Amino acid sequence: VYLQNPRGSNNRLDETTSNRKNNNRLFDSQNNNKGGYNTGDRLSGEFRDKPERQYAMNYYASGAKSTEKSKLEIEWTNQHGCNNNKLDCNIVIQYMCMNNGTDDDYPDSSSSSEEAVLKRVFYIRDGVDTGTQKHKEADKNESEKKYEDRMERNFKDVDRKEGLHETVWWYDRCRYQEANGGLFTADQDLDKDRVGYVTASRTRQNPNGGQSGYECPEERDYYPYWSDTLQADYFKDDKDKFQRTPWIDLAWLGDRSRCSYIQKESFNRKSRFRCVGEGERDYAREINEKDCEKEGGKWVEFISFLEILEDAKSESECNKLKSKQGYNYISWRRLRSDSDTKKCVVQAPTPKCGEAPSTRVNHLGNAEDSHTNSRFSAELPYFPSLKSKRCVLRLRYNISTLDYDPLKTFAKSNDDDDVIENDPEIDFLGNGQEFELALNTAQTGRTFQDRSHAFVVLPREKSMEGKNILNLNVRGKRGNIVQVFPATEYDFVPNTLVVDRDDDLVHIQWTGSNSHDNNNDGDDGEGKGGTDRSNLLQLKDNDLGNSYPVLKLSDTKMFDGVKSLTHPDASEEDIAVGLATAGFYCGKKRYDTCPKEYSMERKRSLNDKLDEAPASYFGHVLKFSQKGTYNYLCTRNNNFSNRSQKGTIIVK
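Caption draft 1: Highlighting the side chain of Thr409. As for its placement among the helices and strands, Thr409 is situated in the loop between strand E15 (389-401) and strand E16 (425-426). From its side chain, Thr409 meets the backbone oxygen of Asp405 in a polar contact 2.6 Å long. In this view, Thr409 contacts Phe184, Tyr404 and Val419; residues no more than four positions away in its chain are not counted.

Caption draft 2: A look at a nonpolar patch on the surface. The grouping of Ile426, Phe428, Leu429, Phe435 and Leu437 at the surface amounts to a nonpolar patch, some 500 Å² of accessible area in total. Examined against the element boundaries, Ile426 turns out to sit in strand E16. Residue class for Ile426 comes out partly exposed when judged on its relative accessible area of 37%.

Caption draft 3: Geometry of the sheet that holds strand E24 (residues 537-538). With mixed pairing, the four strands of this open sheet are ordered in space as E22-E28-E27-E24. Each having just a single partner strand, strand E22 (496-499) and E24 make up the two edges of the open sheet. Sheet analysis places E24 next to strand E27 (residues 628-633), joined by two bridges and oriented antiparallel. The residue bridging Gln538 from the neighbouring strand is Tyr632, located in E27.

Caption draft 4: Inspection of unusual backbone geometry at higher detail. Note that the residue after Asn5, namely Pro6, is joined by a cis bond; omega there is -10 degrees. Mapped onto the secondary structure, Pro6 falls in the loop between strand E1 (2-5) and strand E2 (40-41). Residues Phe485 and Pro486 are joined by a peptide bond in cis, for which omega reads 10 degrees. Look at Asn10: it is not a glycine, yet its phi comes out positive at around 50 degrees.

Caption draft 5: View of empty space enclosed by the protein. According to the stated counting rule, one finds eight cavities of 30 Å³ or more in the structure shown. As a volume, the largest cavity reaches approximately 140 Å³. Around the largest cavity, the lining is made up of 16 residues, and of these Pro6, Arg7, Met57, His453 and Thr511 lie nearest the centre. Counted as a void, the second largest cavity has a volume near 120 Å³. The wall of the second largest cavity is formed by 16 residues, among which Leu230, Ala232, Tyr234, Phe302 and Leu335 lie closest to the centre. When residues of the lining of the second largest cavity are assigned to their parent elements, the largest contribution, three residues, is made by helix H5 (residues 234-242).

Caption draft 6: Expanded view of helix H10 (residues 572-580). Taken across its nine residues, H10 has seven buried, putting it largely inside the fold. Among the residues of H10, those classed as buried are Asp574, Ile575, Ala576, Val577, Gly578, Leu579 and Ala580. Packed against the buried residues of H10 are strand E23 (504-510), E24, strand E25 (563-564) and strand E26 (617-623). Just beyond H10, the residue with positive phi is Ala582, at close to 55 degrees.

Caption draft 7: Focus on the state of the cysteines. Summed over the entire model, instances satisfying the criterion amount to seven disulfides. Paired by a disulfide, Cys318 and Cys344 hold their sulfur atoms 2.2 Å apart. Residues Cys318 and Cys344 are joined through a disulfide that is right-handed, its torsion about the S-S bond being 80 degrees. Separated by 26 residues along the polypeptide, Cys318 in helix H8 (residues 315-323) and Cys344 in strand E12 (residues 342-347) bring together distant segments of the chain. Side by side, Cys318 and Cys344 carry an identical accessibility label, which is buried.

Caption draft 8: Region of interest: helix H1 (residues 114-122). Among the nine residues in H1, seven count as buried, and that is most of the element. Looking only at H1, the buried set comprises Ala116, Val117, Leu118, Lys119, Arg120, Val121 and Phe122.

Caption draft 9: Focus on the packing of aromatic side chains. Enumeration according to the criterion identifies 18 aromatic pairs in this entry. Centre to centre, the rings of Tyr225 and Trp226 are 4.6 Å apart; their planes meet at 45 degrees, and the pair counts as tilted. The exposure class assigned to Tyr225 is buried, which follows from its relative accessible area of 6%. Trp226 sits in the partly exposed class, given a relative accessible area of 28%. Between the aromatic rings of Phe492 and Tyr632, the centroid separation amounts to 4.9 Å while the plane-to-plane angle is 75 degrees, which identifies the pairing as edge-to-face. In this pair, Phe492 is assigned in strand E21 (residues 491-493) and Tyr632 in strand E27, connecting sequence segments 140 residues apart. Both residues of the pair, Phe492 and Tyr632, count as buried. An aromatic cluster is defined as three or more aromatic residues linked by ring pairs; in this entry it consists of Tyr147, Trp169, Tyr176 and Tyr283. In this structure, Arg394 is placed above the aromatic ring of Trp247, and the distance from its NZ or CZ to the ring centre is 4.1 Å.

Caption draft 10: How the structure looks around the nonpolar core. In terms of nonpolar packing, the biggest core is built from 41 residues, with Ile74, Trp76, Ile93, Leu395 and Tyr397 touching the most fellow members. Mapped onto this core, the elements with two or more residues apiece are strand E5 (70-77), strand E6 (87-99), strand E7 (248-254), E12, strand E14 (374-379), E15 and strand E19 (455-458). Beyond its immediate stretch of four places on either side in the chain, Leu395 contacts Val1, Leu3, Ile74, Trp76, Ile91, Val92, Ile93, Phe448, Gln449 and Asp450. Grouped together as the second largest cluster of nonpolar side chains are 35 residues, Phe492, Leu536, Tyr617 and Phe624 included.

Each value, and the rule that gives it
- Residues numbered from 1 in each chain as written.
- Predicted model: local features only at pLDDT ≥ 70, side-chain atom pairs only at ≥ 80, totals over all residues.
- Heavy atoms only, no water.
- Helix = DSSP H or I, 4+ residues; strand = E, 2+ residues; numbered from the N terminus.
- Polar contact = N/O pair within 3.5 Å; in protein donor to acceptor, adjacent residues only side chain to side chain.
- Contact = heavy atoms within 4.5 Å.
- Patch = residues over 30% accessible without salt bridge, like charges linked within 9 Å, V, L, I, M, F, W, Y side chains within 5 Å.
- Areas by Shrake-Rupley, 256 points an atom, 1.4 Å probe, with all protein chains shown as cover.
- Salt bridge = Lys/Arg side-chain N within 4 Å of Asp/Glu carboxyl O.
- Buried < 20%, exposed > 50% of the residue type's maximum accessible area, 1.4 Å probe, protein only.
- Pairing = 2+ DSSP bridges.
- 1 Å grid on protein atoms, 1.4 Å probe; cavity = no way out; pocket = protein on both sides within 12 Å on 5 of 7 lines; lining within 4 Å.
- Points joined across faces, edges and corners; volume = space filled by probe spheres on them.
- Disulfide = S-S within 2.5 Å.
- Phe/Tyr/Trp six-rings, centres within 6.5 Å; stacked < 30°, edge-to-face > 60°.
- Lys NZ or Arg CZ within 6 Å of the ring centre and 35° of its normal.
- Core = buried A, V, L, I, M, F, W, Y, C linked by side-chain atoms within 4.5 Å.

What follows is the structure in structure tokens.
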């Protein structure tokens, strides 16, 4: 499965090859090596080893009211089909966030000081190196002292240069917690770990316990997961400065008949129990209450949180915040049942649930009865703290063959060839000449996934109150359809956007890379090789079939009466210039947020293929005031013979 918008990494970083370098960098995608998009570049050159030159997409959060949704079109392609009669399939979309997600907070030190270590451990990042983070696992019968020493080393070994989503604390718990022995693993042999038993790091799909970032294989392969996905002990390690959320459920798409169960079981609202051992280790081997108590542990209840409002010091202060919004669930409560400390806890809404887009097998393309790839219109979260958050989104594509009922087949059917077996042979002709079926029991139930690069969710400006925000972005990368596959060629997402002029705002923004040269595997396109560029100009005569934009700035009509809420002093022409030049010029003339040296008043000229323009552009949040249909294109990526990057905005 490949995320197309927001751009999915497929574990890529800044490779100049068509294949990724490390398929276990951050997570186990199970995808082919040729796929995914590089991390965005902020400027016209590669970020190389400087994280401040990377560009993270910046989306504005939803607001407190139902009329203040921030909508993002999530788009993907899945190879083996979904919502058809050949397999069981569902799509799980989740996100994880942290506090203080600005570029200034990026870990900048390899120091062993507590602050430097915690930054490296908790900061969500794409990294600048394609290596996988280190982890030293526990030995059998590990003492309390050895555990503390080992985890201190694990924390210090987290590398600031390497990417990070989940935490090393979470992964250590995964490699210590016993695997669920009730699961159907067919005839796959799960080896024991160094602790002396099979842990959650081993599944039918990952029997050898291979490490992929700090992801837990068992949690990746099964949903809803029976344990919590908290990334640290909030009171010991996470602290308010970092405040890492667990995985937050955004949507589940599959068989509608399961929606009631899925929404009821989501960790967003339903608590989970975990066995907590003695001493500093906040987790234990056992995964059920009876065995936990035998082990000498405590069976502790944990809740999920979107954020903890530390500024609310009492229940009455928390209730005041609760009364101001109804989007999330806010309450004064304990985060865990073995603590007397109460916090003002924000919990995410119940996840959306619906039918998965119907797609055919062996096809990475559009959904049935659609001119687009599979899509889900997501609502970005609302954070009552009004703080910026740094996040990552993941999409899991879970499929099972229909040789057995995946919802009713458990461990008692393991090693039962009557259920399913590896590479079975059949004597169809009855003469001993057998046919072998290419059947891998590790893959008859399988989880693919892709994840976005890190992005930022910003608090809304006051001028955005009472309005929905519609995000208009760009998908695709440089190359022709064969060279970019299984990514896509350039297009706007959504390429047809319907806007209510009274209720909606539009945030036009895109990101691209400067290192997509594919190492001689093909790099068709305009301008400097290996670079992504986009811009936006109205089409001549407002005709979608036209290959020409308007020929003069003064002929642009789509921005008549349009106001920028992010750059309120920008004129209509300033907005048009910024979008036409991909931000190379911030406007026709200088204004408060557009210095003279970055406007058209400066002498430096722009290459006609946008080579000097930045690969990524924050753009504008726009308020349209005039009804109409406006068609536009990108001048660089509109090779008429085989490519067309065009879009339509319909203002009602």
